[in-house]
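Inside the fold
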Amino acid sequence: MAPVAAPAAPVVGAGAARSAAGHRFGPVALVVAGGLSVQFGSAVAVLLMPRAGALGVVTLRLVLAAVVLLAVCRPKVRGYGRADWATVVAFGTAMASMNILFYQAVDRIPLGAAVTLEVLGPLILSVVASRRLMNLLWAGLALGGVVLLGGGGFDRLDPLGAAFALAAGAMWATYIVFSARTGRRFPQADGLALAMAFGAVLSLPFGIAEAGGRLLVPSTIGLGLAVALMSSVLPYTLELLALRRLPAPTFAILMSLEPAIAATAGFLVLSQALSVTDALAIALVIAASMGAVRTQARRRDAL
């Protein structure tokens, strides 16, 4: 009987290994999928700006995303304390501010450069929040790639556009912190839906002031819905789920993939060419992200 029973152990072990691998890399896949969605959505948003303006696009994105999330999630509003609602308000404020600042940036500077500057926020968060030397090294490598992707400097960019992108990065770091807290306090995507609704209300006066009746043009609403789904509903939901299983420093380092994704989206959608330097920068940020994931996986194994 022993020769029959012996092969069973490796089969069980392989299944356990596959399950462990799925647990490790599932959140990473969510982050990457969210990044692809949001950056290609941003490219579509750039095409929409001539119709509705930067602030109009933000309003369309947040309002339509809020409508979709509220209809799908139907979040409960009872049974939560003051701290829970404060978290939602902070999350929604960070979300609206991040979007307003980012679209002001891409209205003035190229998409790839805007995302490159914006991602400095999550990178700084990863350095501040992490207490492990390897995470600091991966963040440094990613930062090098980000700087290289920016051509070694941003002196030729519109100063106001660059300032908006940096401010959006600060809001992005805030978004990461409160997205994680919201995910812990609210079930499913309920907290996200409520925060999105609050952010939509904050953005509405700005969008109406800039675009007015142009927001109600059917074709503009259709493109706005595409941007809302690609840039808000799908990626924010995926990131919320990922942050329940990834620590904020690792998640922040993974955000260094965003400039690479943005450069690809700019090339495919907006016909912005990629240079050899851009390709090298992309390789650096991908290597940093993969290193951060492996470091986190080894830490979990040790625990």
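Parameters and conventions
- Residues numbered from 1 in each chain as written.
- Predicted model: local features only at pLDDT ≥ 70, side-chain atom pairs only at ≥ 80, totals over all residues.
- Heavy atoms only, no water.
- pLDDT = per-residue confidence, 0-100.
- Contact = heavy atoms within 4.5 Å.
- Phe/Tyr/Trp six-rings, centres within 6.5 Å; stacked < 30°, edge-to-face > 60°.
- Helix = DSSP H or I, 4+ residues; strand = E, 2+ residues; numbered from the N terminus.
- Buried < 20%, exposed > 50% of the residue type's maximum accessible area, 1.4 Å probe, protein only.
- Lys NZ or Arg CZ within 6 Å of the ring centre and 35° of its normal.
- Salt bridge = Lys/Arg side-chain N within 4 Å of Asp/Glu carboxyl O.

Remarks on the confidence of the model for the protein
Mean pLDDT over the protein works out to 80, with 81% of the residues at or above the 70 mark. In the model, residues 1-24 has pLDDT below 50 throughout and makes eight contacts with residues more than four positions away in sequence or in other chains.

Quick look at the packing of aromatic side chains
One pass over the full model with this rule turns up six aromatic pairs. Between the aromatic rings of tyrosine 80 and phenylalanine 186, the centroid separation amounts to 4.3 Å while the plane-to-plane angle is 35°, which identifies the pairing as tilted. In this pair, tyrosine 80 sits in the loop between α2 (8-73) and α3 (82-106) while phenylalanine 186 sits in the loop between α7 (159-185) and α8 (190-211), placing the two residues 106 residues apart along the sequence. Judged by centre distance (5.7 Å) and plane angle (65°), the ring pair of phenylalanine 102 and tyrosine 103 falls under edge-to-face. Each member of the pair phenylalanine 102 and tyrosine 103 is classed as buried. Above the ring of phenylalanine 178, the side-chain terminus of arginine 181 is found at 5.0 Å from the ring centroid.

Considering the pattern of salt bridges
A side chain of one charge can pair with a side chain of the opposite charge if their charged atoms are brought near each other. Here the structure, examined in full by the defined rule, presents one salt bridge. Measuring nitrogen to oxygen at the nearest pair gives 2.7 Å for the salt bridge that ties arginine 185 to aspartate 84. Of this pair, arginine 185 sits in helix α7 while aspartate 84 sits in helix α3, placing them 101 residues apart in sequence. For arginine 185, a relative accessible area of 38% puts it in the partly exposed group.

Focus: unusual backbone geometry
Of note in this structure, arginine 74 is not a glycine but carries a positive phi near 45°. Within the secondary structure layout, arginine 74 lies in the loop between α2 and α3. Even without being a glycine, glutamine 188 presents a positive backbone phi close to 50°. Looking at where glutamine 188 falls in the secondary structure, it is placed in the loop between α7 and α8. Given a relative accessible area of 60%, glutamine 188 falls into the exposed group.

Considerations on helix α4 (residues 111-118)
Judged by how many residues are buried, α4 sits mostly within the fold: eight of eight residues are covered. Among all positions of α4, only Leu111, Gly112, Ala113, Ala114, Val115, Thr116, Leu117 and Glu118 are buried.

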